[in-house]
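Here are the chains, one letter per residue:
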Amino acid sequence: AGAGTSGKLGQGDATYRGELVQVKIDANTYLTDIVRISAGQHYMLAVTKTGEVYAWGQNNNGQLGNGTTANEMYAIKMKNPEGTGDLTNIIDVSAGTNHSLMLAKDGKVYAVGYANKYQLGINDTATKTLPVEMDKIYNAVEISAGTEYSVVLRGDGVAFGVGSGAYGQTGLDETGTKTVITAMKGKNGNERTKDIISVQAGHVHTIALTEDGEAYV
């Protein structure tokens with residue numbers, strides 16, 4: 001439901017909808033078997049129970065991950081990094097403003113789209129229309145795409161940030177852009193985070209939840 005500009009409702013048009021409508025992959029076929037979803041600024045992502053990623057809506061920065069920058073009015077499958085087939089074995093997705101993050105079953109993180117502030121985590125500012133594997137990340141369990149930055153949680157409770165840190169949102173006790181993904185500072189400002197169980201990126205701010213039920217921003 002909502003604004004349909006750029007095809008982000010997956011109905012084959014750009015029409016506003018005031019009620020919930022089921023996403024389609026073509027004019028006569030509905031998208032089904034979805035287990036995870038994420039809404040970006042003008043686009044959407046969904047993961048199927050078999051680990052494939054569907055994307056639709058605005059694609060001006062390649063955030064749909066299909067190798068093009070053309071908007072998609074229906075849900076289409078995201079391609080693999082080589083562009084030779086579909087991206088598979090994905091268990092979660094996060095849609096940011098103009099970039100997307102995908103978490104794989106093996107703990108790897110893939111990113112695609114706008115990279116002006118290094119938010120794809122590959123030490124590069126070139127826009128990517130096909131997914132790339134984020135550098136220096138393994139055993140990831142949670143991902144979150146903000147505006148021009150990304151955060152990742154590793155299975156050992158360490159949270160990482162990369163990209164724009166103009167307001168300190170990458171959690172590194174400093175401002176400025178971080179070109180490579182780096183462990184966030186801990187509660188005392190000196191040590192790395194170690195007991196985080198969830199982390200979420202907002203527009204230019206981040207929130208983290210600890211295992212003892214405390215929330216930090």
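Just above, that's the structure.
Residues numbered from 1 in each chain as written. Predicted model: local features only at pLDDT ≥ 70, side-chain atom pairs only at ≥ 80, totals over all residues. Heavy atoms only, no water.

**Regarding the sheet that holds strand E8 (residues 99-104)**
Okay, step 1: With respect to topology, four strands assemble into an open sheet ordered E7-E8-E9-E10, the strand pairing being antiparallel. Among the strands making up the open sheet, the edge pair consists of strand E7 (90-95) and strand E10 (128-133). The average angle at which neighbouring strand axes cross in this sheet is 20°, direction not considered. (Pairing = 2+ DSSP bridges. Helix = DSSP H or I, 4+ residues; strand = E, 2+ residues; numbered from the N terminus. Axes fitted to C-alpha atoms, helices over the stretch in contact; angles between N-to-C directions.)

**A look at the nonpolar core**
Okay, step 1: Val109, Met134, Ile137, Val152 and Ile181 are the most contacted members of the largest nonpolar core, which has 19 residues in total.
Okay, step 2: Contributions of two or more residues to this core are made by E8, strand E9 (109-113), strand E11 (140-145), strand E13 (159-163) and strand E14 (178-183).
Okay, step 3: Ranked by residue count, the leading element in this core is E11, at three residues.
Okay, step 4: Excluding residues that lie within four positions of it along the chain, Met134 makes contacts with Leu101, Val109, Ala111, Gln119, Leu120, Gly121, Ile122, Ser150, Val152 and Ile181.
Okay, step 5: Counting residues in hydrophobic clusters, the runner-up holds 15 residues, among them Tyr43, Val53, Leu87 and Val93. (Core = buried A, V, L, I, M, F, W, Y, C linked by side-chain atoms within 4.5 Å. Buried < 20%, exposed > 50% of the residue type's maximum accessible area, 1.4 Å probe, protein only. Contact = heavy atoms within 4.5 Å.)

**Section: unusual backbone geometry**
Okay, step 1: The backbone of Asn123 sits at a positive phi, close to 55°, despite the residue not being glycine.
Okay, step 2: Position of Asn123 among the secondary structure elements: in the loop between E9 and E10.
Okay, step 3: The phi torsion at Lys136 lies on the positive side, around 60°, for a residue other than glycine.
Okay, step 4: With respect to the helices and strands, the residue Lys136 is situated in the loop between E10 and E11.
Okay, step 5: Of the residues examined, Lys136 reaches a relative accessible area of 62% and is grouped as exposed.

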